[in-house]
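# Overview (structure and organization)
Letter by letter, the chains look like this.
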Amino acid sequence: MPVRTGGQYVAGLKARPREVWVGGERVDDVAAHPAFRRPVARLAGLFDLQHDPARRHRMIWVSPATGDDVATAFMPARDRADLEKKHAAYRGVAEATLGLMGRSPDFMNCTLLAFAEGAEVFARGGARFGENMVRYYEFVRENDLFLTHALMSPQNDRSRASSAQAERDLHLGLVSESADGIVVSGARMIATLGPVADEVLIYNIPGLPPEDARHALVFALPIDAPGLRQVCREPYDRGDTRAADHPLAANFEEPDSLMIFDDVLVPWDRVFVYNDAAIANAIFPDTSLRSYTAHQTSVRGLVKLEFAVGVAMALARAVSTDRFLHVQQMLGECVEAIEIVRACITRSEVHHEPTLAGSVRAEIAPLFMARTYLARTYPRVIEIMQTVGAGGLLAMPSTADLESAIGPEIERYYQGAEGMPGAERVALYKLAWDLCGEAFGMRQLQYERYYAADPVRNMAANYLNYDRTACDALVDRALALGGRA
């Protein structure tokens, strides 16, 4: 089948009720529930982008198996032009969400491409597991499914391995196997957009010790699999948020969930790694996963950074503080951040590198630098936004006030510089507060810090994996000047 429309995505959710809990209430129809209705609508819009005549050339690719249109994120790149097409597709999705939906469908699509191209890694546990992965990639690609993932065990006793927790099935692990498949129990987090996804792909963050072999599992399931339930964090929008007062929370909420597996059967054709910590740990370094996801997330992060910087600059212009040197310095720092991330992405595409599958990927080193830099610079931009907005961020009335009898007073006392109407300034400052002060914005901040895993380990990896050849050669040349080398 060709790429889905937004309507087809929503119809698929309704056709497959899942067990989701939010606010103490069990939800079957997530497409209709107030806490999920708006995220579903936003995601539906992303599927419709693939049918926009002005965007189709970058959003779709022709399937080599069926000749149907499929999403560009599934496309192996053969040259720089293909990488630039993928970049354009990622940017199209990110611009539609202002970069605020970190787990849009293209993220898991490029993950599956990396896994399919790296099928030999999964085949280390037996040829059938590699074959399963390739077939699953093709199944998701041809049906244009939307996946979530859940990589982390619950944060119980983090000083102990999963196998040493207080309860046997606290962390997701194997219970039994049969001719039909494996049975698993336990929990995983954080499934971003899990309640409104079609399927879940489970894999591990590297670092599993050998004694955790029972927890070293990679598999996929439909979200409505019997025994699978999700418990959502408290929503930032339950469908009653007024968009004029909270424009971001009302439009770009990404529900996160804890996934609980209660003796869930995983058919053998959906199993990709089975009881093997070494293979589970090898998935990140031995496939193109890190490069492919870093390419997508860096483009998405760049758009989000551009949006946040744009808001900060607009705040300064609204009251003419952009004429002050110290404000110009802070905004200059923000602009510098945009250009550094953009340069890293461009370099990665120009200096692309071959994969073992015969395709090419964006160079991993500059993408890693972009990911670790974004984890530091996005919080800094938010801090600058808070500083530039100052006390004005805390003083904005509601839209209801503007529409009331007191409205003319608000228009008078909240007007901005150079004739900016009061209502326009209030709207801008409320947008900024949604991003830099409210719960929605704080979740966005925490997401950027940790979505790529432990920032300390990531920074250390930048050092450990860096090609020091040029640096070392210069040091040796300097030492030779004194006759020491």
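Up top you'll find the structure we're talking about.
Presented here is a report on the structure given in the accompanying data block. These numbers come from a predicted model, not from an experiment. (Residues numbered from 1 in each chain as written. Predicted model: local features only at pLDDT ≥ 70, side-chain atom pairs only at ≥ 80, totals over all residues. Heavy atoms only, no water.)

### What about the nonpolar core?
- Ranked by size, the top nonpolar core spans 132 residues in total, and within it Phe261 and Met385 carry the most contacts.
- Counting residues per element, this core draws most heavily on helix 9 (residues 289-318), which supplies 14 residues.
- Excluding residues within four positions of it along the chain, methionine 385 makes contact with Ala308, Val311, Ala312, Leu315, Leu393, Ala432, Leu435 and Cys436. (Core = buried A, V, L, I, M, F, W, Y, C linked by side-chain atoms within 4.5 Å. Buried < 20%, exposed > 50% of the residue type's maximum accessible area, 1.4 Å probe, protein only. Helix = DSSP H or I, 4+ residues; strand = E, 2+ residues; numbered from the N terminus. Contact = heavy atoms within 4.5 Å.)

### What about the sheet that holds strand 9 (residues 217-222)?
- Judged by pairing direction, the sheet is mixed, and its four strands sit side by side in the order 5-8-9-12 without closing on themselves. Only two strands of the sheet have a single neighbouring strand rather than two, namely strand 5 (147-149) and strand 12 (271-274). Pairwise comparison of adjacent strand axes, ignoring direction, gives a mean angle of 20° for this sheet.
- By the bridge criterion, four bridges tie strand 8 (residues 199-202) to strand 9 in an arrangement that is antiparallel. Each bridged residue has a counterpart across the sheet, and for isoleucine 202 the counterpart in strand 9 is phenylalanine 219.
- Contacts from helix 7 (residues 127-143) reach strand 5, strand 8, strand 9 and strand 12 within the one sheet, and its direction differs from that of strand 12 by about 145°. (Pairing = 2+ DSSP bridges. Axes fitted to C-alpha atoms, helices over the stretch in contact; angles between N-to-C directions.)

### Here's the deal with the sheet that holds strand 2 (residues 25-27)
- Read from one edge to the other, the open sheet built from six strands follows the order 2-1-10-11-7-6, with strand pairing classed as mixed. The sheet is open, and its two edges are formed by strand 2 and strand 6 (173-177), each paired on a single side. On average, adjacent strands in this sheet sit at an angle of 20° to one another, irrespective of strand direction.
- The sheet contact formed by strand 1 (residues 19-22) and strand 2 spans three bridges and is antiparallel. What sits directly across from valine 20, in strand 2, is valine 27.

### Examining the packing of aromatic side chains
- Applying the stated rule across the entire model yields 11 aromatic pairs.
- For the ring pair tyrosine 9 and phenylalanine 146, a centre distance of 6.3 Å and an interplane angle of 65° mean the geometry is edge-to-face. Pair noted here: tyrosine 9 is in helix 1 (residues 6-15) and phenylalanine 146 is in the loop between helix 7 and strand 5, with a separation of 137 residues, a long-range link.
- Given the relative accessible area of 0%, phenylalanine 146 is considered buried.
- Where tyrosine 136 meets phenylalanine 272, the ring centres are 5.6 Å apart and the plane angle is 45°; that geometry is what we call tilted. Placement of the pair is tyrosine 136 in helix 7 and phenylalanine 272 in strand 12, with a sequence separation of 136 residues.
- Residue classification places phenylalanine 272 among the buried positions, given a relative accessible area of 0%.
- A cation sits over an aromatic face here: arginine 300 above tyrosine 451, 5.3 Å from the ring centre.
- In this structure, arginine 425 is placed above the aromatic ring of tyrosine 429, and the distance from its NZ or CZ to the ring centre is 4.5 Å. (Phe/Tyr/Trp six-rings, centres within 6.5 Å; stacked < 30°, edge-to-face > 60°. Lys NZ or Arg CZ within 6 Å of the ring centre and 35° of its normal.)

### Let's talk about helix 15 (residues 439-450)
- Over its 12 residues, helix 15 extends 17 Å from the first C-alpha to the last, a length consistent with the 16 Å expected when each residue adds 1.5 Å.
- Turning to helix 15, its buried residues number three or more, namely Phe440, Gly441, Arg443, Gln444, Leu445, Tyr447 and Glu448.
- Close packing links the buried residues of helix 15 with strand 7 (181-192), strand 11 (256-267), helix 9, helix 11 (364-389) and helix 14 (422-436). (Expected span 1.5 Å × (residues − 1).)

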